[in-house]
Amino acid sequence: ATFERYRAVERKHGRIAMMAMLGTFVHNNKWTFDGYLSPSNNLKFSDIDSGIGGLFEVPPAGLLQILLLAGFVELTWWPASKLDGDYGVRLGKINNWEQEPAKEIRQKNAELNNGRAAMAGIAGIIVQEVLTGQNLYEQAASGHWSPFGDGQGFF
């Protein structure tokens, strides 16, 4: 039961990391929602910096709303006690696991591996942003691939 619990936690963290990577790519490309993030603070979505620093620009009430929503989803919709990770979300014939059991194993392994890659990727992006002070887009545009030494080039 312990291994199943660890696997379920790994799967959930992988899913969160995949969403974080998607958010990094979207936000670094300057795709934002129109309108206000916080009308009372006159703060627009476009005013939030891309990168990890943008997290600290969201008002505390907004961060609380995010945490409450995540907690609600965790406790009601996608409970941690459901260790198989199958929450009934199907994409038509793509997930016809009852007819093709081998496909289920392949897709679950692919999800685990993609999640692992995303966890490593988002951790690396955060470390690079903290070390260089540049988000992923700025680093790529300026050629700062290595945060060590002069920050120029790969080595």
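One can find the structure itself at the top, above this paragraph.
Conventions we followed
Residues numbered from 1 in each chain as written. Predicted model: local features only at pLDDT ≥ 70, side-chain atom pairs only at ≥ 80, totals over all residues. Heavy atoms only, no water. Helix = DSSP H or I, 4+ residues; strand = E, 2+ residues; numbered from the N terminus. Buried < 20%, exposed > 50% of the residue type's maximum accessible area, 1.4 Å probe, protein only. Contact = heavy atoms within 4.5 Å. Areas by Shrake-Rupley, 256 points an atom, 1.4 Å probe, with all protein chains shown as cover. Expected span 1.5 Å × (residues − 1). Core = buried A, V, L, I, M, F, W, Y, C linked by side-chain atoms within 4.5 Å. Salt bridge = Lys/Arg side-chain N within 4 Å of Asp/Glu carboxyl O. Patch = residues over 30% accessible without salt bridge, like charges linked within 9 Å, V, L, I, M, F, W, Y side chains within 5 Å. Axes fitted to C-alpha atoms, helices over the stretch in contact; angles between N-to-C directions. Parallel < 35°, antiparallel > 145°, perpendicular 65-115°, else oblique. Left-handed = near helix turned anticlockwise from the far one by under 90°. Nonpolar A, V, L, I, M, F, W, Y, C, P; charged D, E, K, R; others polar.

Trainee: Let's hear about the overall build of the chain: which residues, and what values?
Mentor: When helices and strands are tallied, the chain shows four helices and two strands. Starting at the N terminus and ending at the C terminus, the chain contains elements arranged as α-β-β-α-α-α. Out of the 155 residues belonging to the chain, those deemed buried represent 25%. In the chain, 41% of the contacts between residues at least 6 apart in sequence involve partners at least 24 apart. When the accessible surface of the chain is split by element, carbon and sulfur atoms take 66% of a total near 10900 Å².

Trainee: Break down helix H1 (residues 2–28) for me, with residues and values.
Mentor: In a regular helix each residue adds 1.5 Å, so 27 residues correspond to 39 Å; H1 covers 38 Å between its end C-alpha atoms and thus fits that length. Three or more residues of H1 are buried, namely Ala8, Arg11, Lys12, Gly14, Ala17, Met21, Thr24 and Asn28. Of the surrounding secondary structure, the elements contacted by the buried residues of H1 are helix H2 (60–77), helix H3 (101–132) and helix H4 (136–142). One or two positions beyond H1, positive phi appears at Lys30, with a value near 65°.

Trainee: Before we move on, could you go through the nonpolar core and cite the residues and values that matter?
Mentor: Within soluble globular proteins, side chains that are nonpolar generally end up buried alongside one another. Residues Ala17, Met21, Ala118, Ile122 and Ile125 constitute the largest nonpolar core, which totals five residues. Of all the elements in the fold, those that place two or more residues in this core are H1 and H3. Among the elements that take part in this core, H3 stands out by supplying three residues, more than any other. In this structure, Ala118 is in contact with Gly14, Ala17, Met18 and Met21, ignoring residues within four places of it in sequence.

Trainee: How would you explain the pattern of salt bridges if you had to name every residue and give the values?
Mentor: Two side chains of opposite charge can pair, provided their charged atoms sit close to one another. Tallied over the entire structure, the rule returns five salt bridges. Here Lys12 ties to Glu74 by a salt bridge, and the two come within 3.0 Å at their closest N and O atoms. Of this pair, Lys12 sits in helix H1 while Glu74 sits in helix H2, and the two are 62 residues apart along the sequence. Given a relative accessible area of 16%, Lys12 falls into the buried group. If you follow the salt bridges from partner to partner, you end up with Arg7, Glu10 and Arg116 in one network.

Trainee: Got a sec to walk through a nonpolar patch on the surface? Specific residues and values, please.
Mentor: On the surface, Ile52, Leu55, Phe56, Ile126 and Val130 cluster together to form a nonpolar patch covering roughly 480 Å² of accessible area. Looking at the secondary structure, you find Phe56 in the loop between strand S2 (43–44) and H2.

Trainee: Would you mind going over the packing of H1 against H3 in detail, with residue names and values included?
Mentor: Between H1 and H3, the least distance of the axes is 7 Å, while the angle of their chain directions is 55°. When the interaxial angle is binned, H1 and H3 end up oblique. The handedness of the crossing between H1 and H3 is left-handed. Contacts between H1 and H3 involve Arg7, Glu10, Arg11, His13, Gly14, Arg15, Ala17, Met18, Ala20, Met21 and Thr24 from the first element and Glu111, Leu112, Asn114, Gly115, Arg116, Ala118, Met119, Gly121, Ile122 and Ile125 from the second. Across the contact of H1 with H3, the residue classes tally to nine nonpolar, six polar and six charged.

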